[in-house]
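# A structural walkthrough
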Amino acid sequence: MTDWIQRWKEGKIGWHRQQPNSKLIEFIDCLQLEKGDEVFVPLCGKSADMIYLLDRGYRVIGVELSTLAAEQFFDENKLEYSIRYSGKFSIYSADNIQIYCGDYFELDSEHLKSVVGVYDRASLVALPVELRVKYAAHLYSIISKDCRVLLLTLNYPQLQISGPPFAVNQEEVWSLYEKGFDCQQLQCFNDIENEPKFQRANVDFIEKATYCLRKN
Ligand SMILES: C[S@@+](CC[C@H](N)C(=O)[O-])C[C@H]1O[C@@H](n2cnc3c(N)ncnc32)[C@H](O)[C@@H]1O
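This section reports on the structure supplied with the text. (Residues numbered from 1 in each chain as written. Predicted model: local features only at pLDDT ≥ 70, side-chain atom pairs only at ≥ 80, totals over all residues. Heavy atoms only, no water.)

## Details of the site of the ligand
In the region of the ligand, 16 residues are neighbours, and Leu43, Glu64, Asp103, Tyr104 and Arg121 sit closest. In the model, an oxygen atom of the ligand is placed 2.6 Å from a nitrogen or oxygen of the Glu64 side chain. In this structure, a nitrogen atom belonging to the ligand sits 2.9 Å away from a main-chain N or O atom of Tyr104. Alone, the ligand offers 590 Å² of accessible surface; in the complex the protein occludes 96% of this. Taken domain by domain, the shell around the ligand gets at least three of its residues from each of domain 1 (1-10 + 36-119) and domain 2 (121-216). (Near = heavy atom within 4 Å. Polar contact = N/O pair within 3.5 Å; in protein donor to acceptor, adjacent residues only side chain to side chain. Areas by Shrake-Rupley, 256 points an atom, 1.4 Å probe, with all protein chains shown as cover. Domains from an automatic or database assignment.)

Right, here's the structure in full:
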């Protein structure tokens, strides 16, 4: 965890994108959201995807270890925010959005009781294998029945380059989620031509996959 805090302090946030993710835009309908619905963004960083969700008329609740990330999110998007403290979290809020600064594993179902959709980009794949098991089990335990999850993953030969992001294949997604969720893979394709870092490391392929899950 201290690694992530340090990365934010040093500005080593190579995963961050200025524009919303094209797969969120393409597949958001799988979340079956209505205006005003609340979407949970685990390990949210200062993701521009949260602005996209807000612009579509949804409410957002994020969780993020680094307070710097939350401050940068609100400052860079020119959103006035307030901070309150509750239990182990400092909660940064503006209209229709709250970022819980603290540890994802400390969130409980009470925090997420009005959430109907979850958006996971660079969150599951940010974690090493043992933590991914804990992350998926925790997600199951804190969201409500019928909640939908839009999950984006990457898969590549893990021996050719180290994570994060870590390689997560379909078999692993199934083993993490199949018990408690209906799982559907929406798309999977090799995108090596758009990944110069992976090309430089002579990685054979990088598959990008999108899944829609629904909690049973
Ligand atoms: C790879 S980044 C992805 C951020 C965001 N999802 C995006 O697409 O830009 C992972 C983020 O998770 C945060 N993080 C890691 N472990 C966490 C935890 N246990 N609880 C909350 N946030 C965590 C890190 O600080 C980092 O900002």
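Let's pick the thread back up.
## Examining the packing of aromatic side chains
This structure, assessed with the given rule, holds 12 aromatic pairs. Seen from their ring centres, Trp4 and Trp15 are 5.5 Å apart, and the 70 degrees between their planes marks the pair as edge-to-face. You can see Trp4 sitting in helix α1 (residues 2-10) and its partner Trp15 sitting in the loop between α1 and α2 (22-27), a full 11 residues away along the chain. Using a relative accessible area of 23% as the deciding quantity, one classes Trp15 as partly exposed. Ring centres of Tyr104 and Tyr135 lie 4.7 Å apart, and the angle between their planes is 25 degrees; on these two criteria the pair is classed as stacked. With Tyr104 in the loop between β5 (97-101) and β6 (115-120) and Tyr135 in helix α5 (residues 129-142), this pair connects stretches of sequence that are 31 residues apart. (Phe/Tyr/Trp six-rings, centres within 6.5 Å; stacked < 30°, edge-to-face > 60°. Helix = DSSP H or I, 4+ residues; strand = E, 2+ residues; numbered from the N terminus. Buried < 20%, exposed > 50% of the residue type's maximum accessible area, 1.4 Å probe, protein only.)

## Focus on unusual backbone geometry
Along the chain, Gly163 connects to Pro164 via a cis peptide bond; the corresponding omega equals -5 degrees. Looking at the element boundaries, Pro164 is found in the loop between β7 (148-155) and α6 (170-177). Here the amide bond leading from Pro164 into Pro165 is cis, since omega sits at 0 degrees, within 30 degrees of zero. Tracing the chain through its elements places Pro165 in the loop between β7 and α6. A positive phi is found at Lys78, a non-glycine position, where the angle reads about 55 degrees. Here Lys78 shows up in the loop between α4 (67-76) and β3 (82-86). Lys78 sits in the exposed class, given a relative accessible area of 73%. Of note, the phi angle at Ala122 is positive, near 60 degrees, even though the residue is not glycine. Looking at where Ala122 falls in the secondary structure, it is placed in the loop between β6 and α5.

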